[in-house]
Amino acid sequence: MNDEYWMSQALELAQKAREIGEVPVGALVVRDQQIIASAWNAPISLCDPTAHCEILALRQAAQKIGNYRLVDCDLYVTLEPCAMCTGAIIHSRVKRLIYAATEPKAGAIESRLQLINEGYGNHYLEVVGGVLAEQSSNLISSFFSERRKQIKQQKQSSQQ
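All residue numbers refer to position in the chain's written sequence, counted from 1. Residues qualify for local features only when their pLDDT is at least 70, as the model is predicted, and side-chain atom pairs are given and counted only at 80 or more; totals for whole chains, interfaces and linings, by contrast, use all residues. Water and hydrogen atoms were dropped before computing side-chain values, which therefore reflect all heavy atoms in the structure.

Attention now goes to the nonpolar core. Within this scheme, the nonpolar core is defined by two criteria: the residues are buried Ala, Val, Leu, Ile, Met, Phe, Trp, Tyr or Cys, and they are joined through side-chain atoms within 4.5 Å. For every residue, the accessible area (1.4 Å probe, protein chains only) is compared with the maximum for its type, and the residue is labelled buried under 20%, exposed over 50%, or partly exposed between those bounds. By size, the foremost hydrophobic cluster in this structure holds 29 residues, and its most contacted members are Val 29, Leu 70, Leu 75, Val 77, Ile 89, Leu 97 and Leu 125. A run of H or I in DSSP counts as a helix once it spans at least four residues, and a run of E counts as a strand once it spans at least two, with each numbered from the N terminus. Taken together, the elements giving at least two residues each to this core come down to strand 1 (26-31), strand 2 (34-40), helix 3 (53-65), strand 3 (73-79), helix 4 (83-92) and strand 4 (96-101). A per-element tally of this core places helix 3 first, with six residues. When residues no more than four places from it in sequence are discounted, the contact partners of Leu 70 are Leu 58, Ala 61, Ala 62, Ile 65, Ser 92, Arg 93, Val 94 and Lys 95. Within the second largest apolar cluster, twelve residues are counted, among which are Ala 10, Leu 11, Leu 13 and Tyr 76. We call two residues contacting when some pair of their heavy atoms lies within 4.5 Å.

So this is what it looks like as structure tokens:
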């Protein structure tokens, strides 16, 4: 099983987020070729601004293995992590971060910030970007396009 395989699994999680009205981003933690944690974005449904899929998956993985250090784990995410999630990723000490699409507005790996390269902390991880990026980007773009249409329709309905 390779990065594309695991990312396709994360994209399925992102689709679940979309189905419940959350921004479609999914994450999973893999250790020894086994998924030990998986999550999708849930800040709206959990009423929790920290309920990004990366945070939820890292918490779940740490609980599963009984250690907050995930040194033998890979984290797959369908969108470049934000600053909050990047900090958690660094502190969790995952071995590898693999993400699909870049996030031009808030990405903290390469797009807006490069927190991995800042040198704070004592952990450096391997980063692989662009794995199944087009599929992830299309999912997110179509989600926001549909959301804009819904908002437009709601405004038109309320003006009548």
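The next point concerns the pattern of salt bridges. Throughout this description, the term salt bridge denotes a Lys or Arg side-chain nitrogen within 4 Å of a carboxyl oxygen of Asp or Glu. Inspection of every chain in the model, using the stated rule, returns four salt bridges. A salt bridge links Arg 96 to Asp 3; the shortest N-O distance between them is 2.8 Å. Residue Arg 96 is found in strand 4, and its partner Asp 3 is found in helix 1 (residues 3-19); the two are separated by 93 residues along the sequence. Each member of the pair, Arg 96 together with Asp 3, is buried. Residue Glu 126 pairs with Arg 96 through a salt bridge whose shortest N-O separation is 3.6 Å. In this pair, Glu 126 is assigned in strand 5 (residues 126-129) and Arg 96 in strand 4, connecting sequence segments 30 residues apart. Salt bridges sharing partners connect three or more residues here, namely Asp 3, Asp 74, Arg 96 and Glu 126.

A few words on the packing of aromatic side chains. Aromatic rings considered in pairs are described by the distance between their centres and by the relative angle of their planes. By convention, a stacked pair of Phe, Tyr or Trp rings (six-membered ring in the case of Trp) has centres within 6.5 Å and planes under 30 degrees apart, an edge-to-face pair has planes over 60 apart, and any other such pair is tilted. For the structure shown, the criterion picks out two aromatic pairs. A ring pair is formed by Tyr 5 and Trp 6, whose centres lie 4.9 Å apart and whose planes are at 75 degrees; its orientation type is edge-to-face. For Tyr 5, a relative accessible area of 35% corresponds to the partly exposed category. In this structure Trp 6 comes out as buried when scored by relative accessible area, which is 4%. A centroid spacing of 5.1 Å and a plane angle of 80 degrees characterise the contact between Phe 143 and Phe 144, whose relative ring orientation is edge-to-face.

Scope: geometric values only; no functional claims are made or implied.
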